Amino acid sequence: CQAHLLLVVSRGAPIQPSRNVQGKGVQDPLLLRAARGEVVEHTPVWMMRQAGRHMQAYRDLVDRYPTFRQRSEIPDVSRDISLQPFRAYGVDGVILFSDILTPLPAMGVDFDISEGGTISIQPVRTREAFAKLKRIDVQTACRFVGQVLGDLRAEVGHSAAVLGFIGLPFT
């Protein structure tokens, strides 16, 4: 089976051709090779964080950690949730269990996300409210994100791509 994944890159350096990882004769993860436009052995598969809700292991963690923020900000819990589809199905990409709103509490804006996806947040609608937002150092304020990404890479090695994401609170 030959498959391709089309990736549109709008900015940044060109995607480099496949290489051995750190000179060890290990190929880059399939998803990354496909993103470069290389012919790969099958179409890459990954699951968005919301897709894991069908899994009993996820629902068990929801019982123990009822808020989204607990599940995304406690490194061991976020790591375990992120790895559930990989462990169950052997997907080609492991996506960090998080949300683009993650930096907001450090900026002075509290939020919560219900299990159904409803976001509870005080909107920033005026210049005065915007001026009250705090500048943050993500290395300090969101240290758990980097920790989880590192833990995921250590867990999956080069058998899957580790995918984080970034956004701004006002996207």
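Residues numbered from 1 in each chain as written. Predicted model: local features only at pLDDT ≥ 70, side-chain atom pairs only at ≥ 80, totals over all residues. Heavy atoms only, no water.

## Describing the overall build of the protein chain
- Helix and strand counts for the protein chain stand at eight helices and six strands.
- Starting at the N terminus and ending at the C terminus, the protein chain contains elements arranged as β-β-α-α-α-α-β-α-β-β-α-α-α-β.
- When each of the 171 residues of the protein chain is scored for burial, the buried share is 36%.
- Counting only contacts in the protein chain whose residues sit at least 6 apart along the sequence, the fraction spanning at least 24 positions is 61%.
- Accessible surface computed for the protein chain: about 10,600 Å², of which carbon and sulfur atoms make up 55%. (Helix = DSSP H or I, 4+ residues; strand = E, 2+ residues; numbered from the N terminus. Buried < 20%, exposed > 50% of the residue type's maximum accessible area, 1.4 Å probe, protein only. Contact = heavy atoms within 4.5 Å. Areas by Shrake-Rupley, 256 points an atom, 1.4 Å probe, with all protein chains shown as cover.)

## Digging into the nonpolar core
- In terms of nonpolar packing, the biggest core is built from 15 residues, with Tyr58, Ile81, Phe97, Leu101, Leu104, Phe111 and Ile113 touching the most fellow members.
- Contributions of two or more residues to this core are made by helix 2 (56-64), helix 4 (75-89), helix 5 (104-107) and strand 4 (111-113).
- Looking at which element gives the most residues to this core, the answer is helix 2, with three residues.
- The residues touching Ile81, leaving out its near neighbours within four places in the chain, are Tyr58, Leu61, Arg71 and Phe97.
- Core analysis: the next-biggest nonpolar cluster, separate from the first, contains 11 residues, Met47, Leu83, Val148 and Val162 among them. (Core = buried A, V, L, I, M, F, W, Y, C linked by side-chain atoms within 4.5 Å.)

## Describing the packing of helix 4 against helix 8 (residues 143-156)
- Two elements in contact, helix 4 and helix 8, have axes whose closest approach is 9 Å; the angle formed by their N-to-C orientations is 35 degrees. When you trace helix 4 past helix 8, the crossing you get is right-handed. Contact residues: helix 4 offers Pro75, Ser78, Arg79, Ser82, Leu83, Phe86 and Arg87, while helix 8 offers Phe144, Gln147, Val148, Asp151, Leu152, Glu155 and Val156.
- Of the residues assigned to the contact of helix 4 with helix 8, the class counts are seven nonpolar, three polar and four charged. (Axes fitted to C-alpha atoms, helices over the stretch in contact; angles between N-to-C directions. Left-handed = near helix turned anticlockwise from the far one by under 90°. Nonpolar A, V, L, I, M, F, W, Y, C, P; charged D, E, K, R; others polar.)

## With respect to the side chain of Asp92
- In this fold, Asp92 is placed in the loop between helix 4 and strand 3 (93-95).
- In this structure Asp92 is buried but unpaired, with Arg33 as the nearest side chain of opposite charge at 7.4 Å.
- Residues contacting Asp92, with those up to four places away along its chain left out, are Leu30, Leu31, His42, Thr43, Pro44, Val45, Ala160 and Ala161. (Lys, Arg positive; Asp, Glu negative; His and termini not counted. Salt bridge = Lys/Arg side-chain N within 4 Å of Asp/Glu carboxyl O.)

## Focus on the pattern of salt bridges
- With the rule as written, the count across this model stands at nine salt bridges.
- One salt bridge in this structure joins Asp28 and Arg36, with 2.7 Å as the shortest N-O distance.
- Taking the relative accessible area as the measure of exposure, Asp28 reaches 4% and is therefore buried.
- Classification of Arg36 by relative accessible area gives buried; the value is 18%.
- For Glu38, the salt bridge goes to Arg36, with nearest N and O atoms at 3.7 Å. Arg36 carries the same exposure label as Glu38, and that label is buried.

## Description of the confidence of the model for the protein chain
- Confidence in the prediction of the protein chain, expressed as mean pLDDT, is 81, and 80% of residues score 70 or more.
- A low-confidence stretch, residues 1-18 (pLDDT under 50), is modelled with 32 contacts involving residues beyond four sequence positions or located in other chains. (pLDDT = per-residue confidence, 0-100.)

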